[in-house]
Structures are given as structure tokens and as C-alpha cells.
Amino acid sequence: MFRITPALWERIHHYASFPQTGVSLQQMVLFGQNPSQGTLLRASQFLLEELPIRLAHRVKELDQLPHNLSDTPSITKVKDWYAQSFEELISFPSPKLPPTVREALMMTSSDVSLPESTTNPSLSYYVDDYGAPVSSGYGLGPAPSTGHSSGNGSGNGNGHHHKIRIPMERRYYANTTAVNWPPEVQDFNRRFTKALELIKKRHDPTVTTVAQGVLEWKRRQNARNINLDVQHWLDRFYLSRIGIRFLIGQHIALNTLQPHPDYVGIICTRANVHDIVQEAIENARFVCEEHYAMFKGPPVQLICPKDLHFAYVPGHLSHICFELLKNSLRAVVERYGPEAEDHFPPIKVIVVEGKEDITIKISDEGGGIPRSAIPLIWTYMYTTMEGQNIDQDFQASDFKAPMAGFGYGLPLSRLYARYFGGDLRLISMDGFGTDVYIHLNRLSSNREPLP
Ligand SMILES: Nc1ncnc2c1ncn2[C@@H]1O[C@H](COP(=O)(O)OP(=O)(O)OP(=O)(O)O)[C@@H](O)[C@H]1O
């Protein structure tokens, strides 16, 4: 079993004293196009610096959770995973590179204009425990030296040597197409990708394990709902996890997937909204029919231009739509009863493209939600499904959920929407039905909100 030694704690605290650096979807698209081994190396070096900072922030937070939550075995387990991944990254051996290659790596592009990112509007939602808005963590503060970060191996590796921090777009990217990369570079990229794959896998069950911890704690406290500070903490923690997994997933994809004209890593530059929503409708109806043992679930009407494209991570959008559709289907079935199979009122999905946003509205006639319950629906663990238990199968991934019962659908979907500068809103007409609006920022220049 992994243990956090006092020396490791010291490193964790040191890294946690540095701000995290947010990236935007637009930057990731531009930097990841036609990557050379040099670009990939540069991206690895950025991650070797950025990921330990993000992980360290989380280990520290996991350790300082309020109300003795950090004592639950599940939370301790998650903390150890974060610390272990942190240690693997900070001790990852740097490549031995000839001076010419090191110089080439430091070159940033002159013919590509590097896009800057803008503040993510959802950042204002993530306040710290004292009610103050959290900072974006972006800026020119000092960064810890990892011995990898500058690409020239000049860091002393003891973590106490500071240097001026350059903006993300210059740290992540180098214009390296005309360089002949020695085999060491490819070898390093391959090894680093393998290490990231292991780390990603280790953290697969994080959401369910943390949920388990909160559930244990809720039972111990005999509490019906979770406190506001725990709620805020979970929002920050899960949001940060989306970001860490996005960076890791993007890097693995860039290193391992065959080039595709519509994809840069896991980002689809021409994500077709109609097709993604249609697929989510089919999947949600299937799960609903299985769950209620029905032949035909409530009908879903989709009104969406067939040629509406934008740059997005399709997995994030499918996840949001699937979760919301499941909620609507369940509400309709429970209001009318499974025997009303042929008379269910349809759920309407309308997609519209505006100047800044693409908005998806999902309207159901499932009876709505009483106003008194509205604040609760955004809290984790709030569900009206009977027999709340964490399905062990759910561990496999975030994207394989049962019909309902976990109380994570709405709050997690909202985090996914906010991650790239969008939002999620719900308006209910008690006694009639619910409208949910998914706002997606189509400009994709917002950097990640990093609490
Ligand atoms: N469209 C809707 N109509 C009526 N009630 C809804 C609707 N959407 C959500 N709710 C209510 O909000 C609660 C919380 O929803 P949420 O999606 O967060 O969790 P869940 O569906 O219960 O479980 P899961 O984590 O599996 O999604 C639901 O249990 C339900 O009572």
C-alpha cells in the first residue's frame, strides 16, 4: 500500500503553493494540430510541470476536508492515489538531449499566432470556504523547477529553484516541424504516454470512491443532505478532476491515435451537435426501457440543424445530454406510469445556434420539481430514487451510469458544461414539467476554471 512520507508531504506542499495554469479548447486545438515528436515532447514537459501542481493542490485539499471527512477510508484511498501519481510525475526521468535539440525545443512559432485564453465566466461560481471567489491561477508567478520544465535540464531538481513563469501558450507549444528529432525524443514520448495511461487508470474510480466516502460520512452524521462547504468542495474537486483528465486524455490521444481530419486528440473540431444529441437520445431511451421493462419509452423529438458543428469534446456533450434525458424520461414515466406507454407526452429537444452560444433546451412534461427542492437538486447525493446505493459497476467509468439513484447527474453535468465556459440551467413548472438549458460556448477561447 502506498504511504505519503514526510519528505513527500514537503514536496506536495511546495508544489501546492504554485498557481495552476488553465488552458482553452482553442489553444489545445491549435497546438495539437499535426504534432511532431518535438511538439509532443514540449507538451510532455508542460504536463510534467502542470500536473504535479494540480495534483498537489488536490492532495492538500483532501487532507484538509472539513467535518472529519478526510478520515473516511475512501477519502484516504483517493488521497493516496493522488499522492502516488504526484510522486511518479515528479520523479519521472528527463530525456538526455543534445544541445541543438534543446535549442529547437525552446523555439516558439513565428508564423502561428498564439491565441490567448480568456477568463472562464463560471469561475465566479467556485468560491473558497470563506466565500471569496477563487483566483484563476493564471499569471506570471514563479513555477517550481522540476528539472524538466525548461527543457534544458538546468533545474536543480530540489524544488526550491524558482524562475519566471512564461504564459501557457509558450510553455506548451514549440514550432518544431523543420527539426530532425533523435530517437531519444520518441522514446521519451512513448514512456511518458505509458506513465500517463497508468495514472489515468488509477484514478478511474475516483468519483465513486469519493461518493462512497461522502455517503459513509453522511450515514455517520445521520445527515439527510450535505453541508454547503462539502458541496463546494466536491464541486471544486470534480471540476479539477475533469481538467486533469482532459489534459491527460488529450496527451495520450495525441501520442497514440491515428491522425483524423476532424480530430485533434480527443477534441472534435467539427463535432456534429445533431448526431451527438440523437445518439444520447437513443442511449437514454434504451436505458429507460430496460429499467422499466417497457417496450417503448417516452418519445423524444429533436429539432436541430443537421449541419451544426463546433469544436468540443464529444464525450463531454454526450455525457451531459444522456444524463439530462434520463432525468426527463424518468420523470415522464413516473408521472404517467409505465402502462401509459402509448400515450406519453413527448420530450422536446431544441438546439439553436447564437452568436456566442449553442443552446440545447430539453423540455419534458414530467410534472416538474417543487420549488422547495430546487436548491437540493444541484447538491451531490440528492436523489428521489429509492434505495440509494453505489452501483459497483459504475466504478468502471464516469460515462456508464444506471438509470438514476446516485444524485450526481445534474451537478456533474453542470461542471462539464462550465468547464469550457458553458453553463446548465433548470427551470421547473411544478405540476407540469421541467426545462433544462445547456449553454455551450462556441468560441472556445475560455480557459479552464481552476479552483
Ligand atoms: N426533468 C426532471 N423532472 C423532474 N425531476 C427531476 C428532473 N431532473 C431531475 N429531477 C430530480 O432531481 C433529482 C436529482 O437529479 P440528478 O440527475 O442529480 O440525480 P439522479 O437522477 O437522482 O441520479 P443520477 O446520479 O443517477 O443521475 C432526481 O432524483 C429528481 O428527483
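The structure displayed is predicted, hence computed values, not measured ones.

Novice: Outline the nonpolar core, supporting the account with residue identities and numerical values.
Specialist: Among the nonpolar cores identified, the biggest contains 123 residues, and Y238, F246, L325, V349 and I360 are the most heavily contacted of them. Looking at which element gives the most residues to this core, the answer is helix α9 (residues 228–256), with 13 residues. Discounting chain neighbours no more than four positions away, the residues touching F246 are V23, L25, M28, I266, I267, V313, Y419 and F420.

Novice: Can you tell me about helix α8 (residues 206–221), naming the residues and giving the values?
Specialist: The end-to-end C-alpha distance of α8 is 22 Å, a good match for the 22 Å that 16 residues give at a rise of 1.5 Å each. The set of residues buried in α8 consists of T206, V207, T208, T209, V210, A211, G213, V214, L215, W217 and K218. Tucked inside the fold, the buried residues of α8 contact α4 (73–90), α9 and α13 (409–419). Positive backbone phi, approximately 60°, marks N222, located one or two places after α8.

Novice: Which residues make up unusual backbone geometry, and what are the values?
Specialist: Within the chain, N34 stands out as a residue other than glycine whose phi angle is a positive 40°. As for its placement among the helices and strands, N34 is situated in the loop between α2 (25–32) and α3 (37–63). Under the relative-accessibility criterion, N34 is labelled exposed at 71%. A positive phi angle is found at H67, which is not glycine, with a value near 55°. Within the secondary structure, H67 is located in the loop between α3 and α4.

Novice: Got a sec to walk through the domain arrangement of the chain? Specific residues and values, please.
Specialist: In terms of domain boundaries, the chain breaks down into domain 1 (9–129 + 170–264) and domain 2 (267–441). Listed as interface residues are 34 residues of domain 1 and, on the opposing side, 34 residues of domain 2. Note on domain 1 versus domain 2: buried area summed over both sides is about 3000 Å², and carbon and sulfur give 62% of it. Looking at the side of domain 1 facing domain 2, the largest losses of area belong to L25, T208 and I242, adding up to 19% of the total buried there. Applying the counting rule to domain 1 against domain 2 returns one salt bridge.

Novice: Can you explain the pattern of salt bridges? Please cite residues and give values.
Specialist: One pass over the full model with this rule turns up 15 salt bridges. R270 is the partner of D262 in a salt bridge, and the nearest nitrogen-oxygen pair spans 4.0 Å. Residue D262 is classed as partly exposed on the basis of its relative accessible area, which comes to 26%. With its nearest N and O atoms 2.9 Å apart, the salt bridge here joins R418 to D423. When salt bridges that share partners are traced, they join R58, E61 and R236 into one network.

The rules behind these values
- Residues numbered from 1 in each chain as written.
- Predicted model: local features only at pLDDT ≥ 70, side-chain atom pairs only at ≥ 80, totals over all residues.
- Heavy atoms only, no water.
- Core = buried A, V, L, I, M, F, W, Y, C linked by side-chain atoms within 4.5 Å.
- Buried < 20%, exposed > 50% of the residue type's maximum accessible area, 1.4 Å probe, protein only.
- Helix = DSSP H or I, 4+ residues; strand = E, 2+ residues; numbered from the N terminus.
- Contact = heavy atoms within 4.5 Å.
- Expected span 1.5 Å × (residues − 1).
- Domains from an automatic or database assignment.
- Buried area = accessible area lost by both parts, 1.4 Å probe.
- Salt bridge = Lys/Arg side-chain N within 4 Å of Asp/Glu carboxyl O.

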